[in-house]
Amino acid sequence: MPCMHAPFRLQSDLARVVERGFAFALGVGGGGLRPRRVGWSRRSLPVDLGPPEVQSYTIVVSHEFVRPLLMELMRSLPRQVAGILELGSRDAYREVDVFLGPPIPAGLFRGTWDLFEPIFLEDASFGVGFHCPDPYLEIFLDPDKRILVHVDQSAADWVEGILARFDVEYRREEDLQSVRPVADLAIRPILQPVPGLMSDTDHLLMELRAAWDLALDEDPDSNLDARGRDIGYTMWRGLVFVDQEDPAGRRYGNAHVWGVATCRRNMQKLIERHISNDHEWEYRELLNLDRVALDDRPAELDDVKVILDHPQLLLYNVEVIGTAPDRWDFVDD
């Protein structure tokens, strides 16, 4: 019987960065944010970030201990949990994209986690975790692969008991902060480009959005900058997953789109309307959609006079990926 394989491959030629016995994720190419010590710290979570009596733990361990510690913390999940994903934003007016999901069965969450766990542990460009309001529990693996745990005060002994079994020592909060500035950190891709397999975080995001029902934590009908000001018409850049029937099977492509709109929802409507009227490709999923500064438009738009005063589609181009089975769940011999 054929064996099902993971829908991705990690690069096999990456040397793991190790400094003074502290191992980093493969996605760290150099200048890792090494803390002064490994260990854990605890503080009370501010009331505006959670209900009263919530304790917040920051746990820093070398790479080889991250997964065993996470597995112990996740051994008994609540019946339902909500997924969380945070990654660096390409948006000109926002540094981080936060994706949140509704409560889903813990088994569904865990099945997806187990499938993509090697990427979660090794990719240094994003953080991932889950939240449950009752009983209050949040476990998050941040981009630096620190484990952040928020629990009700009544569960503090449970967390600290696990840390004791792993011989992780209590430290001052300042001891767990990095000793280098973020500017020194070199991040590198970890996925090996293989036709038909997942090749970047855009594809991973597409899978997690489908499995955990994630949505960008943003009002799609407004256009606010980082300070909460409405900035009106802006330029947008989008990447859309499209497909079409082909004699050899279903053909896939990525549509690169540039346009002008006053909010995410209006820009998405422009894209969907154009693809519908084009008839060549079918709209499947919006992979990303970000605001872009006018000076950062592509060379193809150098000769186009872009005026930010009305909705318009400026550029639409499909990059053909190839013909492949539906999604990524196929046998790779």
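Criteria and cut-off values
Throughout this description, residue numbers start from 1 for each chain and increase along the sequence as written. Residue-level local features of this predicted model are given only where pLDDT is at least 70; pairs of side-chain atoms are given and counted only at 80 or more, and the full residue set underlies all totals for whole chains, interfaces and linings. Each side-chain value is worked out from all heavy atoms of the structure, with water and hydrogens disregarded. Elements are defined by DSSP. Helices are runs of H or I of four residues or more, strands are runs of E of two residues or more, and each kind is numbered from the N terminus. Values of the radius of gyration come from C-alpha atoms, whereas the globule rule sets the reference at 2.2 Å times the count of residues to the power 0.38. Think of it in three bands: with a 1.4 Å probe and only protein chains considered, a residue is buried below 20% of the maximum accessible area for its type, exposed above 50%, and partly exposed in between. Throughout, a contact is declared for two residues whenever any of their heavy atoms are within 4.5 Å. Here the accessible surface of atoms and residues is derived via Shrake-Rupley with a 1.4 Å probe, and residues count as covered only by protein chains that are part of the display. The positive count covers Lys and Arg only, the negative count covers Asp and Glu only, and His and the chain ends enter neither. All charge positions are set by atom: Lys at NZ, Arg at CZ, Asp at CG, Glu at CD. We treat two strands as partners when DSSP finds at least two bridges between them. Between N-to-C directions, angles cover 0 to 180 degrees, with each direction set by a line fitted to C-alpha atoms, over the stretch in contact for helices. Nonpolar cores are built from buried Ala, Val, Leu, Ile, Met, Phe, Trp, Tyr and Cys residues. Side-chain atoms within 4.5 Å join them into one set. Centres within 6.5 Å make a pair out of two Phe, Tyr or Trp rings, where for Trp the six-membered ring is used; the pair is then stacked when the planes are under 30 degrees apart, edge-to-face when over 60, and tilted otherwise. Here, over-ring charges are defined by two tests on the NZ atom of lysine or the CZ atom of arginine: distance to the ring centre within 6 Å, and angle to the ring normal within 35 degrees. The scheme is simple: roughly parallel for angles under 35 degrees, roughly antiparallel for over 145, roughly perpendicular for 65 to 115, oblique for anything else. We call a crossing left-handed when the near helix sits turned anticlockwise from the far one by less than a right angle, and right-handed when that turn is clockwise. Asp, Glu, Lys and Arg are counted as charged, while Ala, Val, Leu, Ile, Met, Phe, Trp, Tyr, Cys and Pro are counted as nonpolar; the rest, among them Gly, fall into the polar class. Here a helix's expected span is defined as the number of its residues, less one, multiplied by 1.5 Å. Taking the helix axis as origin, the arc is that swept by the directions to the C-beta atoms. What counts as a salt bridge is simple: a side-chain nitrogen of Lys or Arg found within 4 Å of a carboxyl oxygen of Asp or Glu. A 3.5 Å cut-off defines polar contacts: any pair of N or O atoms within that distance qualifies, except that in protein one atom must be a possible hydrogen donor and the other a possible acceptor, and neighbouring residues in sequence count only when both atoms are side-chain atoms.

Trainee: Kindly report on the overall build of the chain, identifying the contributing residues and their values.
Mentor: Across its full length, the chain carries 5 helices and 17 strands. Relative to a compact globule of 333 residues, whose C-alpha radius of gyration would be 20 Å, the chain shows 22 Å and is just as compact. Taken along the three principal axes of its C-alpha coordinates, the chain extends 60 × 55 × 40 Å. Here the chain, with 333 residues, has 46% of them falling under the buried criterion. Of the contacts made within the chain by residues no fewer than 6 positions apart, 72% connect residues no fewer than 24 positions apart. Accessible area for the chain stands at about 17100 Å²; split by element, carbon and sulfur atoms hold 50% of it. Of the charged side chains in the chain, 36 are positive and 57 negative; the average position of the first set lies 4 Å away from that of the second.

Trainee: With reference to specific residues and values, describe the sheet that holds strand β14 (residues 234-246).
Mentor: Pairing is antiparallel across the open sheet formed by 4 strands, whose spatial order is β16-β14-β15-β17. One side of each edge strand has no neighbouring strand; the edge strands of this open sheet are β16 (282-292) and β17 (312-323). Strand-to-strand twist of the sheet, defined as the mean angle between neighbouring strand axes without regard to direction, takes the value 20 degrees. Of the strand pairs in this sheet, β14 and strand β15 (residues 249-261) are connected by 13 bridges, and their pairing is antiparallel. Considered in β15, the bridge of M235 is made with V260. Its contacts with the sheet put helix α4 (residues 201-212) on β14, β15 and β16, and the angle it makes with β16 is roughly 115 degrees.

Trainee: So what's going on with unusual backbone geometry? Residues and values would help.
Mentor: Following D134, the chain continues into P135 via a peptide bond in cis, with omega recorded as 0 degrees. Mapped onto the elements of the fold, P135 is located in the loop between β9 (126-133) and β10 (136-141). A positive phi is found at D167, a non-glycine position, where the angle reads about 60 degrees. Its place among the elements puts D167 in the loop between α3 (156-165) and β12 (186-187).

Trainee: Outline the nonpolar core, supporting the account with residue identities and numerical values.
Mentor: When a protein is soluble and globular, its nonpolar side chains tend to lie buried together. Judged by nonpolar contacts, the single largest core of 48 residues is most densely connected at I59, L70, I147 and V149. Other than its neighbours up to four places away in sequence, L70 contacts W113, L121, I139, L141 and I147. W236, V257, L289 and V318 belong to the second largest nonpolar core, which has 15 residues in total.

Trainee: How would you summarise the packing of aromatic side chains if you had to cite specific residues and measurements?
Mentor: Under the defined criterion, the tally for this structure stands at 11 aromatic pairs. Through a chain of ring-to-ring contacts, the aromatic side chains of F109, W113, F120, F126, F130 and W212 assemble into a single cluster. A cation over a ring is seen here: K145 above F126, with NZ or CZ 5.3 Å from the ring centre.

Trainee: Can you break down the packing of helix α2 (residues 106-122) against α4 residue by residue, with the values?
Mentor: Direction vectors running N to C along α2 and α4 enclose 165 degrees, while the axes themselves pass 10 Å from each other. In terms of orientation, α2 lies roughly antiparallel with respect to α4. Pair α2 / α4 crosses with left-handed handedness. For the pair α2 and α4, contact is made by L108, F109, T112, W113, F116, I119 and F120 and by L204, E207, L208, A211 and W212, respectively. Looking at the contact of α2 with α4, its residues break down into 10 nonpolar, 1 polar and 1 charged.

Trainee: Give a description of helix α5 (residues 264-278) that names residues and reports values.
Mentor: Here α5 spans 21 Å end to end across 15 residues, near enough to the 21 Å set by a 1.5 Å rise per residue. All of the buried residues in α5 are R264, M267, L270, I271 and I275. Down the axis of α5, the smallest arc covering the buried residues is 125 degrees, so these residues share one side. For α5, the secondary structure elements touched by its buried residues are β13 (215-216), β14, β15, β16 and β17. Just downstream of α5, H279 is the residue with a positive phi angle, here 70 degrees.

Trainee: I'd love a proper account of the side chain of K145, names of residues and values included.
Mentor: Tracing the sequence through the fold places K145 in the loop between β10 and β11 (147-152). At 6.0 Å, D123 is the nearest oppositely charged side chain to K145, a buried residue that forms no salt bridge. Within the structure, the side chain of K145 is placed 2.8 Å from the backbone oxygen of F120, a separation counted as a polar contact. Those residues in contact with K145, other than ones at most four positions away along the chain, are A25, V66, F120, L121, D123, A124 and F126.

Trainee: Any details on the pattern of salt bridges? Residues and values, ideally.
Mentor: Using the criterion set out here, one finds 23 salt bridges in the structure. A salt bridge links R172 to D175; its shortest N-O distance comes to 3.2 Å. R250 is paired through a salt bridge with D243; the nearest N and O atoms lie 3.2 Å apart. For D243, a relative accessible area of 3% corresponds to the buried category. It is possible to trace a salt-bridge network through shared partners that takes in D91, R94, D97, E218, R264 and R291.

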